[in-house]
Amino acid sequence: MLQTFSRRKMPKAEIRLTNRWGLHARLAFHFTQISGAFSCKIRLGHAGLWADGKEIMDILMLGAGPGSLLALETEGPDGEAAIEALSHFLLVDSKVL
Amino acid sequence: MVGVVICAHGNLAHEFLSATNFITGNAGSISAVAVDHNVDPSEARNIVKDAIRAVDDGSGVLVVTDLYGGTPSNICISLQDEIKMEIIAGVNLPILLKAVSLQKNSDLQTMANKLKEYGKENIYLASDFLKKKDAQG
């Protein structure tokens, strides 16, 4: 489930899920469709657990319900762009899924 | 692109397809075929054969069946010499969701091997996982 990340400074964000169903399957699938377009490593955290942000079943295993606080971290050349795209997805676009 | 067909008893294949399309927003190219025990066995074989051939662009077809040794699986196995295909017996949603992600960029053999393992890895006893989660939290 865990990816190995280096200890150097990496782009990160914290996002509170405000949709009705939390981190559900459709949301997780579409998250991976976006994350898969970036070359950087991406990980998504919740309540002390970390998931590979490009792997749907990993993300679902976080079991993050509505109102959960998620941590998003990236490592790689397009990490900032990935944070921006995925944050926007979680905060805005995922609400219609 | 590798074609993917779900082949199973009763309405199971179409229901799996429906759930997959619901989750992925129809992002994949997966089809379903039911084996109806009310039709003649040779007709059932032709229906399955047509469904598999319909999604084969030359890259081959991954067929996911519900139960090794069951009729849908047996029909598919009987077609292996006629069509370039691999069969995974033991469909689950993790396999189908991952198939959507893999089918555009993988060859048939790689995809079949990965999905067989993926399907097994993603079966959980929820209580075991929740205990681990509690211990970490």
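Preceding this section is the structure that the text describes.
The following refers to the structure shown. Everything numeric in this text was worked out from a predicted model, so none of it was measured. (Residues numbered from 1 in each chain as written. Chains lettered and ligands numbered in written order. Predicted model: local features only at pLDDT ≥ 70, side-chain atom pairs only at ≥ 80, totals over all residues.)

A separate point is the packing of helix H2 (residues 41-54) of chain B against helix H3 (residues 71-78) of chain B. Residues and elements named next belong to chain B. Packing of H2 against H3 brings their axes to within 10 Å, and their N-to-C directions diverge by 70°. If you check the angle between H2 and H3, you find them roughly perpendicular. Where H2 crosses over H3, the two elements pack in a sense that is right-handed. Packed against H2, whose contacting residues are Ala-44, Arg-45 and Val-48, the element H3 presents Ile-75, Cys-76 and Ser-78 at the interface. Its residues placed into classes, the contact of H2 with H3 shows four nonpolar, one polar and one charged. (Axes fitted to C-alpha atoms, helices over the stretch in contact; angles between N-to-C directions. Helix = DSSP H or I, 4+ residues; strand = E, 2+ residues; numbered from the N terminus. Parallel < 35°, antiparallel > 145°, perpendicular 65-115°, else oblique. Left-handed = near helix turned anticlockwise from the far one by under 90°. Contact = placed C-beta atoms within 7 Å. Nonpolar A, V, L, I, M, F, W, Y, C, P; charged D, E, K, R; others polar.)

Turning to the interface of chain A and chain B, a few remarks are in order. Counting from both sides, the interface comprises ten residues of chain A and, opposite them, ten residues of chain B. Listed by contribution, the elements that provide at least two residues to the side of chain A that touches chain B are helix H1 (25-35) and helix H2 (56-60) of chain A. Element by element, the count of residues in the side of chain A that touches chain B is highest for H1 of chain A, at five residues. Tallied by class, residues from the side of chain A that touches chain B come to six nonpolar, three polar and one charged.

Time to look at the packing of H1 of chain A against helix H3 (residues 79-91) of chain A. All names here are of chain A. Packing of H1 against H3 brings their axes to within 10 Å, and their N-to-C directions diverge by 160°. Put simply, H1 runs roughly antiparallel to H3. In this structure, H1 crosses over H3, and the sense of that crossing is right-handed. Residue-level contacts link Phe-31, Ile-34 and Ser-35 of H1 to Ala-82, Ala-85, Leu-86 and Phe-89 of H3. Counted by class, the contact of H1 with H3 contains six nonpolar, one polar and no charged residues.

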